[in-house]
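# Tertiary structure, described
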Amino acid sequence: MLVRTGDPAFAVDADGVAFHDNDTVRRLARIEFLDGRSGEYPAPNPRDGHPEGSILHWTLPMDWVIRALDRVAPSIAENARPFESGAAVSGPVLAAICEVLFALLAARFLGVRLGLAAAALHALSTSWIGGSRLGIGDHQVLQHTALVAGVLGTLAVLAGRGERVLAVAAGCALGFALWVSTESMAALVLVEAAVAIAIFTASRDERPRLVRLGAWIAIGAFAVTVLGHAIENPGRFSAFEWDRVSLFQVALVVPLLVFCGLQWRWTAVMSPSRAVVATLLGVAIAVLFLSSALRYQGASLSAANAWTQSSVAEYLPLFAAPYSGELTFTTAQRMLSVWVWVAPACAIGLLFYRALPLGARMAVFLLAVGFFALGVLELKLVHLFTIVYPIVVLAGTCAILAVGSREKRETWVAAIALVVFALNLNQVFRADPVGDEARLARRELVRALAPLEDGCVLAGWELGAHVLRDAGKPVVASGYHRNLPGIRDATLFLTATDDAAAREIAARRRVRWFVLPGNPAFLLFAGSAFGEIEPLAAWEDGAPRFTDEARASLWWRLTHDPLALPWLRLVWESPHRASWFGTFGGPRHRVYEVILDR
C-alpha cells in the first residue's frame, strides 16, 4: 500500500526520541499526566498555562490506541520513554487500516477497478493530517479513519450496496469521529444533508428503503456520540462544549433523526407535504440549536478562530501563500495531485454516471462541493475532501469518456489515474530539510532547558509541548486554543514596548525562564490574532515591512542587543542560526533568566 511521507516524523539521539509533530508530543505529555491522576478526569494540568493550568479538549480514544500499541510494539530505541513506541507506530498502523477500509468500501461503491484506483489516489492525496506520515501519534489520523468508514459506508448504503448492518456501522463510525474530534461536526452536517438529498431525489419505490437506512445511520451516530459524551464527562452529563464531545455534538445528530424518523413513520403515504414538514422540522431544530449554541459560546469560538486562522499554518486558506496571503495554487496541486485541475469538470460528469443511482450521485456531488469549500477556507480540512475526491475524478471521468463498454472505460480510467499518480510522485515522497533543521534546533533548546532549575518557561506557543514534556518545565503558552490566555500573554510579552507591562506578565505568570525566538514571523500575525495589539508588520513585495511599534518591542530590542534589559540575564544561545527570508541571522533561540528584582 502506497503511503505519503513528509519531513522526518521522529529521530533517535542520545537523549531519546525526538518527535517533530507538536500534537504527538502534547499527546504523550497528556497521557503521562493522566497516568499520575487518581480518578479525576478530565483533570486540569497546572504545568500547561502556568500557574492556572488548562484542560485539553482532546478525548480518550487516541490515548487508548497509543497505550494498546505501546504494549505490543517493539521499542524504537533503547532509551525510549513510555508510550513513545506506541505513538511512533500508531501512524502507519492507522494509515494501513484507513487505506484498507477505503479500498473495501470504495470497491463496494464503485466496483473493483475504480475502487482500488480510488484507494491509491486517496493514499497519495494529502499528508496534512499526518494520516500516512510515519510516526504521527495524532488523533486526526484516527478521526480520518472513522470518517472514511462513515462517509463511504453511507454512500454505499445510498447506492443500494448495503443494508441495515452497513448503515448502523456507518452511523457508528460517524459518531466515533465526532467523539475523537469535534472537527467532524462539519462532516456530519454535510452527511446529513447528503442523506436528505439522496432521499428526495430517489425514485418513489426506492425512497422508503433509504428513509429506513438513513434512520439507522442516525441511530448509530446518536448512540456512539452519547456513549462518548458519557465517558468523557463523568458526572457532568449536562456538559455543553463546542470543542469537546458533549451534548452539543449529541444534538447535532437530532435533525437527521427527526427527518428520517418522521419520514419512516409516514413512509406508507410519503406525500410531498409530509416530506416538506419533516424537512422543515429537522432544519428548524438545527437552526435553533446552532444559533443558541453560538450565542452561548460565541466569544470563545470567535477568539479561538481569530488566533488559529491568523497564526497557525494548517488553518490558512487552501489557496493562500504563507505570510503574504497571496493567491497560490501550489499547495492544492501538491496535496491533491494534478487531478485537482480537472475535478470541476469531473464533478459535473459525475452527475451523469448512470452506474450509480441518482440519489447517490447527488449525495457525492453535495459532499464534494461542501468538503472542498471547507478545505478552501481552512487547509486543515482538505482531508475531508480527499474522502470523496477520488470518487469524483474517477467516476466523473468515466462518464465524460462515454465510449466503449463500461468495463473498458473503468479499466482505462484506472490506468490513466495510476500514470498521473506516478508522475506526481516527486511531490509526494519528499524530505523537508528545513523541518529537520528546526527539529534539531528545538532539540538543542530543550536539552539546554532541562538541567536548569525548575521554573516556568515563557516561550512561543509552538515550543510549549516540547518544553513541557522534553525539558520537564511548566510553560505559559502551548499550541492549543484552550490555553489562549497563555498564548496572548506570551505574545504581549514579546511585543511589549513598555518594560513595566512585560514585567507584570512575568510576575503574574511566575516566569523563571524566557526563550527569545530568532524568527520574527509572529509579528506578522500578532495584530490580527489579538485585537489589543496594533499591527506590527505587513508583507510587501516579497518581504516583511515592520512598523515603529515593532521596532520598539521587547523582541526587537533583545534581538539587536541581547543585553539590553538588565532584568533578563542571557544564559544560553543556540548554535543554529535563524534565517527568515534573509533577515535576522542571529541564534534560533536565546534563553534568559528572569530576575524581576533588578
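Scroll up a little and you will see the structure.
Residues numbered from 1 in each chain as written. Predicted model: local features only at pLDDT ≥ 70, side-chain atom pairs only at ≥ 80, totals over all residues. Heavy atoms only, no water.

### Digging into the state of the cysteines
Rules: When the sulfur atoms of two cysteines come within 2.5 Å, that pair is taken as a disulfide. With a 1.4 Å probe rolled over the protein chains alone, any residue whose accessible area is under 20% of its type maximum counts as buried; one over 50% counts as exposed, and the rest are partly exposed.
Summed over all chains, the structure comprises zero disulfides. Left unpaired, Cys-346 is separated from the closest cysteine sulfur, that of Cys-398, by 9.7 Å. You can call Cys-346 buried: its relative accessible area is 3%.

### Digging into the packing of helix α3 (residues 84-110) against helix α5 (residues 139-158)
When two helices pack together, their arrangement is given by the angle between the helix axes and the distance between those axes. Cut-off, in case you're wondering: Every angle, taken between N-to-C directions, lies between 0 and 180 degrees, and every axis is a line fitted to C-alpha atoms, over only the stretch in contact when it is a helix. To qualify as a helix, a DSSP run of H or I must reach at least 4 residues; to qualify as a strand, a run of E must reach at least 2; elements of each kind are numbered from the N terminus. Oblique is the label for any angle not covered by the other classes, which are roughly parallel (under 35 degrees), roughly antiparallel (over 145) and roughly perpendicular (65 to 115). Every residue pair with non-hydrogen atoms within 4.5 Å of one another is taken to be in contact. Amino acid classes used here: Ala, Val, Leu, Ile, Met, Phe, Trp, Tyr, Cys and Pro are nonpolar; Asp, Glu, Lys and Arg are charged; the rest, including Gly, are polar.
The interhelical angle for the contact between α3 and α5, taken along N-to-C directions, is 10 degrees, at an axis separation of 9 Å. Our classification of the angle between α3 and α5 gives roughly parallel. Note on element contacts: α5 touches α3 through Val-141, Leu-142, His-144, Thr-145, Val-148, Ala-149, Leu-152, Gly-153, Leu-155 and Ala-156, opposite Gly-91, Leu-94, Ala-95, Ile-97, Cys-98, Leu-101, Phe-102, Leu-105, Ala-106, Arg-108 and Phe-109. In terms of residue class, the contact of α3 with α5 is made up of 16 nonpolar, four polar and one charged.

### Overview of helix α7 (residues 185-201)
An α-helical segment advances 3.6 residues per turn. Residues three or four places apart therefore align on the same side. Here is the rule: Given a helix with a known number of residues, its expected span is that number minus one, times 1.5 Å.
In a regular helix each residue adds 1.5 Å, so 17 residues correspond to 24 Å; α7 covers 24 Å between its end C-alpha atoms and thus fits that length. All of the buried residues along α7 are Met-185, Ala-187, Leu-188, Leu-190, Val-191, Glu-192, Ala-194, Val-195, Ala-196, Ala-198 and Ile-199.

### Re the packing of helix α4 (residues 112-123) against helix α15 (residues 382-400)
Put simply, the rule reads: Handedness of a crossing is defined here by the sense of rotation of the near helix relative to the far one, left-handed for an anticlockwise turn of less than a right angle and right-handed for a clockwise turn.
Two numbers describe how α4 lies on α15: the axes approach to 9 Å, and their chain directions differ by 135 degrees. Between α4 and α15, the interaxial angle falls into the category oblique. Crossing of α4 over α15 shows right-handed handedness. Across from Leu-114, Ala-117, Ala-118, Leu-121 and His-122 in α4, the residues of α15 making contact are Thr-386, Ile-387, Tyr-389, Pro-390, Val-393, Leu-394 and Cys-398. The class makeup of the residues in the contact of α4 with α15 is ten nonpolar, two polar and no charged.

### Remarks on α15
What counts, and what does not: A residue's bend is given by the angle between axes fitted to the 7 residues ending at it and the 7 residues starting at it.
Between its terminal C-alpha atoms α15 stretches 25 Å, which fits the 27 Å expected from 19 residues at 1.5 Å a residue. Along α15, the sharpest kink reaches roughly 40 degrees, centred on Val-388 and followed within four residues by the proline Pro-390.

### Quick look at unusual backbone geometry
Put simply, His-50 and Pro-51 share a cis peptide bond, and its omega is 0 degrees. Topologically, Pro-51 is positioned in the loop between α1 (22-35) and α2 (61-72). In this model, Arg-510 sits at a positive phi of 55 degrees, which is unusual for a non-glycine residue. Summarising the element assignment, Arg-510 is placed in the loop between α21 (499-508) and β4 (511-517).

### Thoughts on the sheet that holds β4
Heads up, the condition is: Here, strands pair whenever DSSP counts at least two bridges between them.
Strands sit in the order β3-β4-β8-β7 across an open sheet of four strands; the sheet is mixed. With one partner strand each, in any of the chains shown, β3 (456-458) and β7 (568-573) form the two edges of the open sheet. Each strand of the sheet is rotated relative to its neighbour by a mean of 30 degrees, with strand direction disregarded. Here three bridges tie β3 to β4, and the two strands are oriented parallel to one another. From the neighbouring strand, Cys-456 faces β4, where its bridge partner is Val-511. Against the sheet, helix α20 (residues 484-495) contacts β3 and β4, and its axis sits at roughly 65 degrees relative to β4.

### Considerations on the nonpolar core
Spelled out, the test is: Remark: nonpolar core denotes a set of buried residues (Ala, Val, Leu, Ile, Met, Phe, Trp, Tyr, Cys) joined through side-chain atoms within 4.5 Å.
In this structure, Phe-109, Leu-110, Leu-155, Leu-367, Phe-371 and Tyr-389 are the most contacted members of the largest nonpolar core, which totals 89 residues. Of the residues forming this core, the biggest block, twelve residues, is contributed by α15. Apart from the residues lying within four places of it in its own chain, the contact partners of Phe-109 are Leu-155, Ala-156, Ala-159, Arg-161, Leu-356, Ala-360, Val-364 and Ile-391. In this structure, Tyr-315, Ala-521, Leu-523 and Trp-580 belong to the second largest nonpolar core, which totals 44 residues.

### What to know about the environment of Ala-332
With respect to the helices and strands, Ala-332 occurs in helix α12 (residues 330-336). Overall, Ala-332 belongs to the buried group, its relative accessible area being 1%. Note: C-alpha distance between Ala-332 and Phe-319 (13 residues apart in sequence) is 7.0 Å.

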